[in-house]
Every structure is written in structure tokens, then in C-alpha cells.
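Each chain is listed here by its residues.
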Amino acid sequence: GAVVSQHPSWVICKSGTSVKIECRSLDFQATTMFWYRQFPKQSLMLMATSNEGSKATYEQGVEKDKFLINHASLTLSTLTVTSAHPEDSSFYICSATTGGWSEAFFGQGTRLTVV
Amino acid sequence: AQSVTQLGSHVSVSEGALVLLRCNYSSSVPPYLFWYVQYPNQGLQLLLKYTSAATLVKGINGFEAEFKKSETSFHLTKPSAHMSDAAEYFCAVRNNQGGKLIFGQGTELSVKP
């Protein structure tokens, strides 16, 4: 299957700072990427859908000014957690598709810890 | 609205025993259904998918699932559990608007030696 690389795999940051997480499709062009958040022992919660070259569509309750998503190319989407606080600590996962009904491939996730 | 429900947040089996993880879906249109596996601190790996072709779908690692429209179910099975099967399993349905995946709550599978 296709490969989606997520970086970093884990990050620790101080409260009030910003953190950027990258999601790259290594061997295919991802017209659509999804960003999820997962709390311990819980399911994946979709945060936003991003299409290359356009603004991301955020799910209800997700603060777009706090979780900035950029999808500037067909192989890269970034999620920036701005002014991070301890409650933002979580596991963030991206997935990528070529659009339509094609299969979604997942990155390996990023463990964010805000101290 | 589409949704999936996984019955049992935790399932424990002995090594070599049958694995059965339950998933029921709700959809007003023919669904696309998926099973994913997640190991600790990792992303999701696709086990298998149903896309309206054969109702019995075979996946990786010896897993299979059967789509039963009359029961609105898509249960995941494996004849003989291995220790390496211990992980979290998610059932998902593809949303018919925008293509996003809607996940069930997940089932943690434990395998006892």
C-alpha cells in the first residue's frame, strides 16, 4: 500500500508555544488529507479535512485558529497547534487519499505532550 | 447519518481460539466498510474493506469479515488467534459526503497464552 509519513512521531513542548506536525504522502498525490485526534483508550475524532490548495474544513467544535491546517502541495499537509496548553496533549494522526472513494492511508501518528 | 457501533470495548481470547469482533453499521445508502488495526502509539493499518463486491471479504493476517445487510453487520473474524494479534481494532464506515471515515469506539483484543 501507499506510504504516509508523519513527523515528528513524538514531541514535548512548553505551554504557550506552537508545534507543527507534518504529514507527507511519499509515493502518491494526496488531494485530500484528514487530521484526527485520539485520546487514550478512545476512538479517532476527526478534526478537519483539507484539500490541496483550499482552506480546510473543520469539524464542529474544533477551533480553527488554534489548529491551523495547511495543504499547500499534493504531498504535504501540516497541522500547527498554536499556543499549546496541557489539554492539547494527545495523539494526532493524519490520513491521505487521492480523493473520491479511494482508500485512506494513515500516518504513524504524533504524540504531543505539552508541559 | 452514517455510524458504526462496536459491541464490546474489550475482548479477550486464548491463543489459538476464534477471534470475533462485532461491528454494526447504520447507513441509508450502501456502505463502504473498513476494519483497521492499531498497535500502541502507531497509526492505523487497513485489515480489509467492503466496497459492495463480495460479501465475504478476506484481509491481511488471516482476518476476514462478512457483510450482512439483513443484520447491518460487518463482524471481523480470525479462526486462530496469535499473540501478535493483540491490538486495538476499529470498524469504520465511509461517509457518503466528502469521503471521510466515521470510526467505531474501538475494541481492544487481548490474547492469552
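It should be emphasised that the depicted structure is a prediction, and the values quoted were computed from it without experimental measurement.

What counts as what
Residues numbered from 1 in each chain as written. Chains lettered and ligands numbered in written order. Predicted model: local features only at pLDDT ≥ 70, side-chain atom pairs only at ≥ 80, totals over all residues. Heavy atoms only, no water. Pairing = 2+ DSSP bridges. Helix = DSSP H or I, 4+ residues; strand = E, 2+ residues; numbered from the N terminus. Axes fitted to C-alpha atoms, helices over the stretch in contact; angles between N-to-C directions. 1 Å grid on protein atoms, 1.4 Å probe; cavity = no way out; pocket = protein on both sides within 12 Å on 5 of 7 lines; lining within 4 Å. Points joined across faces, edges and corners; volume = space filled by probe spheres on them. Nonpolar A, V, L, I, M, F, W, Y, C, P; charged D, E, K, R; others polar. Patch = residues over 30% accessible without salt bridge, like charges linked within 9 Å, V, L, I, M, F, W, Y side chains within 5 Å. Areas by Shrake-Rupley, 256 points an atom, 1.4 Å probe, with all protein chains shown as cover. Salt bridge = Lys/Arg side-chain N within 4 Å of Asp/Glu carboxyl O. Disulfide = S-S within 2.5 Å.

**A short note on the sheet that holds strand 6 (residues 56–58) of chain B**
Residues and elements named next belong to chain B.
Part 1 of the reasoning: The 5 strands lie next to each other as 1-3-8-7-6, forming an open sheet whose pairing is antiparallel. Of all strands in the sheet, those with a lone pairing partner are strand 1 (3–7) and strand 6, marking the two edges. Across this sheet, the average inter-strand angle for adjacent strands is 20 degrees, counted without regard to direction.

**Some points on the layout of surface pockets**
Part 1 of the reasoning: Empty space within the largest pocket amounts to approximately 360 Å³.
Part 2 of the reasoning: Taken together, 16 residues line the largest pocket, and the ones lying closest to its centre are A:Lys41, B:Gln38, B:Pro40, B:Asn41 and B:Glu88.
Part 3 of the reasoning: Counting residues per element, the lining of the largest pocket draws most heavily on strand 9 (residues 87–94) of chain B, which supplies 3 residues.
Part 4 of the reasoning: In the lining of the largest pocket, the residues fall into 8 nonpolar, 4 polar and 4 charged.
Part 5 of the reasoning: In this structure, the second largest pocket spans a volume of roughly 150 Å³.
Part 6 of the reasoning: As for the second largest pocket, its lining consists of 12 residues, of which A:Ala2, A:Phe105, B:Leu44, B:Gln45 and B:Leu46 are closest to the centre.
Part 7 of the reasoning: Broken down by secondary-structure element, the contributors of at least two residues to the lining of the second largest pocket are strand 10 (105–106) of chain A together with strand 5 (44–50) of chain B.
Part 8 of the reasoning: Looking at the lining of the second largest pocket element by element, the count peaks at 3 residues for strand 5 of chain B.

**Examining a nonpolar patch on the surface**
Part 1 of the reasoning: Among the surface-exposed residues, A:Trp10, A:Ile12 and A:Val115 lie close enough to one another that they form a single nonpolar patch of about 370 Å² accessible area.
Part 2 of the reasoning: With respect to the element layout, A:Val115 can be found in the segment after strand 11 (110–114).

**Quick word on the state of the cysteines**
Residues and elements named next belong to chain A.
Part 1 of the reasoning: On inspection of all chains with the given rule, the structure shows 2 disulfides over all chains.
Part 2 of the reasoning: Sulfur-sulfur distance for the disulfide between cysteine 23 and cysteine 94 comes to 2.0 Å. Of note, the bridge from cysteine 23 to cysteine 94 carries an S-S torsion of about 80 degrees and is right-handed in sense. Taken together, the residues span a long stretch of sequence, with cysteine 23 in strand 3 (residues 19–25) and cysteine 94 in strand 9 (residues 90–97) at a distance of 71 residues.
Part 3 of the reasoning: In this model cysteine 13 remains outside any disulfide bridge; the closest cysteine sulfur is found in cysteine 94, 18 Å from its own.

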